[in-house]
Amino acid sequence: MMLPALLPLALGTLGVIAGQLEPPVEVWTEPAVLVVEWEGSVQVKLRARCGGSEPSESAIPDIETYMRKEEVSKKPGEKVLRLVQVTNWNSTNLVFLTCPNRTRVVKPIPVIVYKIPAPELTPSHPDTWNLSCSVSGTAPLGNVTVALRRDSTLLASGTFQGRGWTQPDTVHLSHQLPVRVEDNNTNVTCEAVLSPHRDPVTVTSKPLRLNLTELPEGPHLSSPQQPVLGTPFNVTCTVRPYIAVANFTITADNRTFPATRGQHGHQATAVVTLNRTGSAQLVCTARLDSGERQEDRQTDTTVQVYHLPEPLLNVTSTAPAAGTVVSGDCALPPDVSKDIELQVLARGRVLQDWGRPPMAFRVDVSEEDAELGLELSCEAKLSGVVKRSSVQIVVQTKPRLDSEGCPGQQNWTEGQELILECRAKGKPEPEVKCSKDGNSIAAGIPYTADRAQAGTYRCRATNALGTAERDVTLWIQYDDPIPLLPVLLGVLLPVVALLGLAGLYVLHHHQTKIGEYWLWKRQPAVDMRLLRPPGSSKAAASHNGSAPEAP
């Protein structure tokens, strides 16, 4: 049994518990975050419930705002409003609800106001353009991701952090876009993903169409800025390769010069000659042909025409001796352009590099300069045009005889027409004479070789600077002829005589033998026994070598 003193406390506790069990009051919006473009409109649905499962007819939410609002529809627990001409970057927007039990609920609703213009395209240089995108005045801003797209192709993107929820901010994204023919008539858009809440919101700018034939820049004109009087120079007019050009016109000093177009048609060059000094205007006109209409684009520039004279070259000597120094200077006539530079060269080697006139110089000359030749030159340059003055230096050297030009041993063959080889080096060219025992032979002149010319000669080379000497031994090769006929007669005649005598002797001896034989045959037979000497044998008594008689 409960005590009376505890009853109020129990009743109070039950009341608190009952209050906690009562359904809560709810207010929400669709969408949860409002995103609206600057000066645009946005529609929002407000919904509420005052402690029960069903909306109450008297519980209708509303918005407290500085923006102009229009009611679209209304029913118990719900109202649809449209905020129009939104221009407040930083405004307080509250959704409120008053329930029948006088319970009041207030809830803030975020509103993102943004401005995102179409991308901008500006030229940077002839083949590249600056493409920029900006999302300005975005507030409240947590972070924003900005992307540039060409049609569906992503060109560039970047993420930027804001300074808070209440401070408007502006972000920029730039991209270098190479200009290509295939990009003509494509669309470039700027896309921003706003992330102030859990659910990102994506907004896109109006497209920028790349109509390359309507780009605002004119043709590009290139030429020397200081052309030389009377000297032809090139003037080139160029448009972007994707622009169709009907024709080019190039004028200089109010005169039109023929222009030759390049292979691809987007460039033309004229050879221009200006015949007066001072300022001259160059103008390039390109007539663009877009198919529907033609439009002239023009570019001009001013150049200064100068006279470029030949430089004045002075030297101390044009015929110095080897081992000495030649000095001089290079200058210009008065009243010429101060931009003219000079350079001094010696046989193609730089003595004094480009600089302002006058220009002094010194050069040591050597025997090598005498052999190879030495040319001193002074060049004047203006705007790439060069004029030159030159002088030939003839270096003088003493005579010199060496084994290459004057061999010490030379062989001749008697009877042939030959030359004594003895050439001397030196400037001016030395005169060479060779002598022996008072007899001289001039070098370089043909002679018929004779054995009397053999011997050692002293050769002397002489010019205005001195004399050089060298011994040359001359060998003469010769053959003595043998008297063939006397030799033959002296040898053959005795042999023939001996053979003749031998033949006569043999013939005489043969004839004598035959005579004796026939004489014997004519004699009468004689008793050989009567003729036999007493005591001799029969064999010994055989006549004329005849065989002995048989016994």
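Residues numbered from 1 in each chain as written. Predicted model: local features only at pLDDT ≥ 70, side-chain atom pairs only at ≥ 80, totals over all residues. Heavy atoms only, no water.

Draft legend 1. Structural view of the nonpolar core. With 23 residues, the main nonpolar core has Leu-308, Ile-340, Leu-342, Leu-374, Leu-376, Ala-380 and Val-395 as its most contacted residues. Those elements giving two or more residues to this core turn out to be β27 (325-331), β28 (341-346), β30 (359-364), β31 (374-382) and β32 (385-393). No other element matches the five residues that β31 contributes to this core. If you look at the next biggest cluster of nonpolar residues, it comprises 22 residues, including Cys-237, Ile-250, Ala-280 and Ala-286. (Core = buried A, V, L, I, M, F, W, Y, C linked by side-chain atoms within 4.5 Å. Buried < 20%, exposed > 50% of the residue type's maximum accessible area, 1.4 Å probe, protein only. Helix = DSSP H or I, 4+ residues; strand = E, 2+ residues; numbered from the N terminus.)

Draft legend 2. Seen up close, the pattern of salt bridges. The final tally for this structure, using the stated rule, is 23 salt bridges. In this structure, the salt-bridge partner of Arg-47 is Glu-78, at a minimum N-O distance of 3.7 Å. Of the two residues, Arg-47 is situated in strand β3 (residues 42-50) and Glu-78 in strand β6 (residues 78-84); the sequence distance between them amounts to 31 residues. Assessed through its relative accessible area of 31%, Arg-47 is described here as partly exposed. In this structure Glu-78 comes out as buried when scored by relative accessible area, which is 13%. Two residues, Asp-62 and Lys-69, come together in a salt bridge whose shortest N-O distance is 3.1 Å. (Salt bridge = Lys/Arg side-chain N within 4 Å of Asp/Glu carboxyl O.)

Draft legend 3. Quick look at the packing of aromatic side chains. Summed over all chains, the structure comprises zero aromatic pairs. Lys-436 extends its terminal NZ or CZ atom over the ring of Tyr-457, reaching a point 5.6 Å from the ring centre. (Phe/Tyr/Trp six-rings, centres within 6.5 Å; stacked < 30°, edge-to-face > 60°. Lys NZ or Arg CZ within 6 Å of the ring centre and 35° of its normal.)

Draft legend 4. Representation of the environment of Ala-464. As for its position among the elements, Ala-464 is in the loop between β40 (455-463) and β41 (466-477). We classify Ala-464 as exposed; its relative accessible area is 72%.

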